[in-house]
Amino acid sequence: MTTKNLHYSIIITQSPHNDENNETAAAFAAAVLDSGHTIDRIFFYQDAVFTALKDITSPQGQLPHSHHWEALKSNHNIPLQVCIANALRRGVYDATEASRYDTAFNLHEDFELTGLGEIAEALSQSDRIITF
Amino acid sequence: MNLFILKKAPTSDAEALEMILACAAFEQQPSILLLGSGIQFAKADLGKFKSDGKSIGKLTSAFPMYDIENIFALESDAQTYKIDKQELHSFCKLISTEELKKILQSADKTISF
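Residues numbered from 1 in each chain as written. Chains lettered and ligands numbered in written order. Predicted model: local features only at pLDDT ≥ 70, side-chain atom pairs only at ≥ 80, totals over all residues. Heavy atoms only, no water.

Enquirer: Please clarify how the environment of Ile-130 of chain A should be interpreted in this entry.
Expert: All names here are of chain A. Structurally, Ile-130 can be placed in strand E5 (residues 128-131). Classification of Ile-130 by relative accessible area gives partly exposed; the value is 23%. Measuring from C-alpha to C-alpha, the distance between Ile-130 and Glu-23 comes to 14 Å, with 107 residues separating the pair along the chain. For Ile-130, the residues in contact, after removing those within four places along its chain, are Tyr-8, Ser-9, Ile-10, Ile-11 and Phe-28. (Helix = DSSP H or I, 4+ residues; strand = E, 2+ residues; numbered from the N terminus. Buried < 20%, exposed > 50% of the residue type's maximum accessible area, 1.4 Å probe, protein only. Contact = heavy atoms within 4.5 Å.)

Laid out in structure tokens, this is it:
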């Protein structure tokens, strides 16, 4: 019996510094891919946008929170989407927005600022949406 | 049905509502389920939580304008939080636990805050 390939979108809302949601979401994403399904996007919302900061100095022996997501991007080309409105509110800027607001950009290169239209797309196109 | 579940009491952060309204604007026809202290989102007299913030009550009162028609809260939560039906937006429907089960079963996708 063949299992249908399902398309997932994953939304993360919690700060990577407050609890283990990021780790759990990354483990879930890896399990989804191992099961032969597809991940359409990882969408970082509210305080989860802090995951996308590029200049994090982690404690000795620890990897930055973005590490899990960089691997997913690198190995599976999964879009790592950061809500632009939430990011700007929290001081997370890509090069374009940094230029617009005359500040320094600090968005990790593997992440991209996007709008809430991506969530509408997820509702329309993905088979499953999982929120962490 | 695309179901948004709000489980926490409203704060100065309106971002859950912003996502719901954006999805409505993109014609995804969100339905809203308020659980636990989330029922307080349905109170019609909610104002701003900080002086320069958004009025949560104004955002929620806009639901009909965005064709968001299905807003549900539990009768039992209204009793727990001592909220009279008259305090809620008129478009919020108080439901039983049995009706809650049917709503959850009928949801195609859910997004929880």
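Enquirer: Got a minute to help me understand the pairing of strand E2 (residues 38-44) of chain A in this structure?
Expert: Residues and elements named next belong to chain A. Counting buried positions along E2 yields 6 of 7 residues, so the element is predominantly enclosed. One ladder, built from 6 bridges, connects strand E1 (residues 7-12) with E2; its direction is parallel. Residue Tyr-8 lies in a different strand from E2, and its bridge partner there is Ile-39. In this region the chain leaves E1, passes through helix H1 (residues 21-34) and returns to the parallel neighbour E2; the handedness of that crossover is right-handed. In this structure, E2 lies alongside strand E3 (residues 80-83), joined through 3 bridges in parallel fashion. From the neighbouring strand, Ile-42 faces E3, where its bridge partner is Leu-80. Each parallel crossover has a hand, and the one from E2 via helix H2 (residues 66-76) to E3 is right-handed. (Pairing = 2+ DSSP bridges. Right-handed = clockwise from strand over helix to strand, strands pointing away.)

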